[in-house]
Every structure is written in structure tokens, then in C-alpha cells.
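# Summary of the model geometry
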Amino acid sequence: MKKNILKIFACVVVAMCIFACQDRKQQKLQELVNTFTEPVIIPNLLSIDSVKALPNFTLMMHVKWLQNFNVDFLREAAHTTCKNSLVRSMYTEPRFRELLDEGLAVCFSVSDISANHITDVYLTLADIQDDILNSSDEEYDIENIRQQFQMMQNTLPQKVDDGIIMYAINFDEATKTLEYTMTFEEGYDITYFASSAEDFRNSVIQLWKDNIRANEIIKEYISKGFVWKYVFIDNDNTVLVDVAFDNIDDLYR
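My aim in this report is to walk through the structure given alongside it, one point at a time. (Residues numbered from 1 in each chain as written. Predicted model: local features only at pLDDT ≥ 70, side-chain atom pairs only at ≥ 80, totals over all residues. Heavy atoms only, no water.)

## Section: the pattern of salt bridges
The final tally for this structure, using the stated rule, is 11 salt bridges. For Lys224, the salt bridge goes to Asp141, with nearest N and O atoms at 3.1 Å. Of the two residues, Lys224 sits in the loop between α7 (216-223) and β9 (227-233) while Asp141 sits in helix α5 (residues 137-153), which places them 83 residues apart along the sequence. Accessibility expressed as a relative area gives 36% for Lys224, which makes it partly exposed. Overlapping salt bridges bring together Arg24, Lys28, Glu98 and Glu102 as one network. (Salt bridge = Lys/Arg side-chain N within 4 Å of Asp/Glu carboxyl O. Helix = DSSP H or I, 4+ residues; strand = E, 2+ residues; numbered from the N terminus. Buried < 20%, exposed > 50% of the residue type's maximum accessible area, 1.4 Å probe, protein only.)

## Re the pairing of strand β7 (residues 164-172)
Pairing of strand β6 (residues 158-161) with β7 involves 3 bridges; the strand directions are antiparallel. Across the sheet, the residue bridging to Asp161 is Ile164, located in β7. Between the end of β6 and the start of β7, which pair antiparallel, lie 2 residues, with Gly163 showing a positive phi angle near 80°. Sheet topology note: the β7/strand β8 (residues 177-184) ladder contains 8 bridges and is antiparallel. Following the sheet pairing, Asp172 is matched in β8 by Thr177. Between β7 and β8, which pair antiparallel and follow one another directly, the connecting turn spans 4 residues, one of which, Lys176, has a positive phi of 55°. (Pairing = 2+ DSSP bridges.)

## Some thoughts on unusual backbone geometry
Its identity as a non-glycine residue notwithstanding, Lys176 has a phi of 55°, on the positive side. Checked against the element boundaries, Lys176 lands in the loop between β7 and β8. Among the residues examined, Lys176 registers a relative accessible area of 13% and is labelled buried. In this model, Asn237 sits at a positive phi of 65°, which is unusual for a non-glycine residue. Within the element layout of this structure, Asn237 appears in the loop between β9 and β10 (239-245).

## Observations concerning the side chain of Lys219
Within the secondary structure layout, Lys219 lies in helix α7. At 3.2 Å, the side chain of Lys219 and the backbone oxygen of Arg213 are in polar contact. (Polar contact = N/O pair within 3.5 Å; in protein donor to acceptor, adjacent residues only side chain to side chain.)

## A few points about the packing of aromatic side chains
In the structure shown here, the tally under the stated rule is 11 aromatic pairs. When the centroid spacing of 5.3 Å and the interplanar angle of 70° are considered together, the rings of Tyr221 and Phe226 count as edge-to-face. One aromatic cluster is present, formed by Phe149, Phe171, Tyr180, Trp208, Tyr230 and Phe245 through successive ring pairs. Residue placement shows Lys176 over the ring face of Phe226; its charged tip is 4.8 Å from the ring centre. (Phe/Tyr/Trp six-rings, centres within 6.5 Å; stacked < 30°, edge-to-face > 60°. Lys NZ or Arg CZ within 6 Å of the ring centre and 35° of its normal.)

## A closer look at the sheet that holds strand β1 (residues 40-42)
Read across the sheet, 5 strands follow the order β1-β2-β3-β4-β5 without closing on themselves; strand pairing throughout is mixed. With one partner strand each, in any of the chains shown, β1 and β5 (117-124) form the two edges of the open sheet. Going across the sheet, the axis of each strand differs from the next one's by a mean of 25°, ignoring polarity. The pairing of strand β2 (residues 46-54) with strand β3 (residues 58-65) spans 8 bridges and is antiparallel. Following the sheet pairing, Ser50 is matched in β3 by His62. Where helix α2 (residues 71-91) meets the sheet, its contacts fall on β1, β2, β3, β4 (105-111) and β5, and the angle it forms with β5 comes to roughly 30°. (Axes fitted to C-alpha atoms, helices over the stretch in contact; angles between N-to-C directions. Contact = heavy atoms within 4.5 Å.)

## What about α2?
End to end, α2 covers 28 Å across 21 residues, agreeing with the expected 30 Å (1.5 Å per residue, within 8%). The sharpest bend along α2 comes to roughly 40°, located at Cys82. (Expected span 1.5 Å × (residues − 1). Bend = angle between axes of the 7 residues up to and from the residue.)

## Here's the deal with the pairing of β4
With respect to burial, β4 is a largely interior element, 7 of its 7 residues being buried. Looking at chain direction, β3 and β4 are connected through 7 bridges and run parallel. Residue pairing across strands places Met61 opposite Phe108, the latter belonging to β4. The antiparallel pairing of β4 with β5 creates a hairpin that spans 5 residues between the two strands, and Ala115 there sits at a positive phi of about 70°.

## Description of the sheet that holds β8
Pairing is mixed across the open sheet formed by 5 strands, whose spatial order is β6-β7-β8-β9-β10. Lying at the two open borders of the sheet, with one neighbouring strand each, are β6 and β10. Here the strands of the sheet are splayed against their neighbours by 30° on average, with no regard to which way each runs. Inspection of the sheet shows β8 paired to β9 by 7 bridges, in the parallel sense. Looking at the pairing, Thr183 lines up with Ile233 of β9. Relative to β10, helix α6 (residues 197-213) is tilted by about 30°, and along the sheet it contacts β8, β9 and β10.

Shown next, in the form of C-alpha cells:
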């Protein structure tokens, strides 16, 4: 009888330790959630509008696409983006890494640009351990850009400014070159934007420089050997501007 009581007592102690550990992890998760006070936006791609700590050590993140993609494409792209981009990015942050290492599960509730629910993506560290965390940084960067370009293809042609549309993009993985091709909307000509072709060339190059300088992610890619190339043609397919940025220092000249 005494031995049975001791066994029961031991089981109770173990159970209490387990619950105490779970409570501690859950508290840390809630503390992390409390730090989110406003949406996190990845320009022209998606926003994380809200986060919530679920009772089973799960982080719920409400993700909304910021582009009007085809729903079937969004559903497929959501799984890839959440796994390859969001969870891996989270793992680079110490506050997330600790929780993921302790068994945190992340549920992404994904909606389209009109807030219509599309799908849920449920991931743990084990789901990304082999093919994401153990891949080289270059392999990861190339795969990430490839996926983004595939998504962008579904938005073309796309109006990027008054009178200007982007109608083609290309990613050369061998040279790590990202190329964006733009032109005028029908009915516009260069005199609407500048007094001469040279003025137009100088103004758009400066605009592209300013945009890259303001984007830390692009600057990081360029510092890793990626090339950002822009081509601008007129309505007769004549190249007006053709410039590539492969050196951070060039952005400040």
C-alpha cells in the first residue's frame, strides 16, 4: 500500500512539473504576443494584422495578402511563403527561436486582400528543420526570390506609377540578376515626364536609387552579390534606360 502511495505521489509530482513547464512556456508566448501593437507589413506582398496566443502553446498569426492574386494560386503560395519565408525569418529572431526550440507551433490564418479566409497553415520547427534551416543562405535567398517572382508574374502587367506599367520580370538564377522591364501606358510619351530622353533617364535612375536605398532587404541582397536591373522601353520597344545595381556604393553616387 505504501509503495502504491509513493508511486501515485511520484506521478503527481511529475504531472505538476509538466504543467508548471507548460505554464512557463505559455506565459513567455503571451509576453511575446503582447509586444505586437500594430500590423507588420511586407510591402506589396502581405501583412500580419494580428497575433494571438492559443492555450496549447500555439501562436496564431492572421496574414493578409496585399495583392489581388488568383485564389487557387494564393492557397498554394501561402504554404510555401509561410514555411520558407515567415517561419525561417522568425527563427532568426532570438525571442522566436527560443519558443520554436521549446516546441512552439505556429498557425497562419491566411486571407485574401478582401479579408476572405483562404487557408490555414500549421507549422512547427520540425516541418522546416531539414530543407529550410539546413539549406545554405544562398540557396534560401534564391528560392525565396524565385517564389516571389512566380507570385509577381500573376500581377503583370501592373501599373507602378502614373502613366507607367511594369509588364515583364525575370530572375536569372545563374547570375543572380533580377530584371524589371517597364514602359509607358498607351497614349503617353516621354515629353509628358521630361523635356528630353537624357532628363528622363537621369530622373528614373535617381528614383530607382532612392527606392533601393530606402529598402534594407534589397540592399542586403545586393551586398550578397545579387543584381537589381531595370529596363525602360518606349511604345516602339526602344530602350530608353538600362541600368543595373550590383554595388551598394553606386547607390550613393
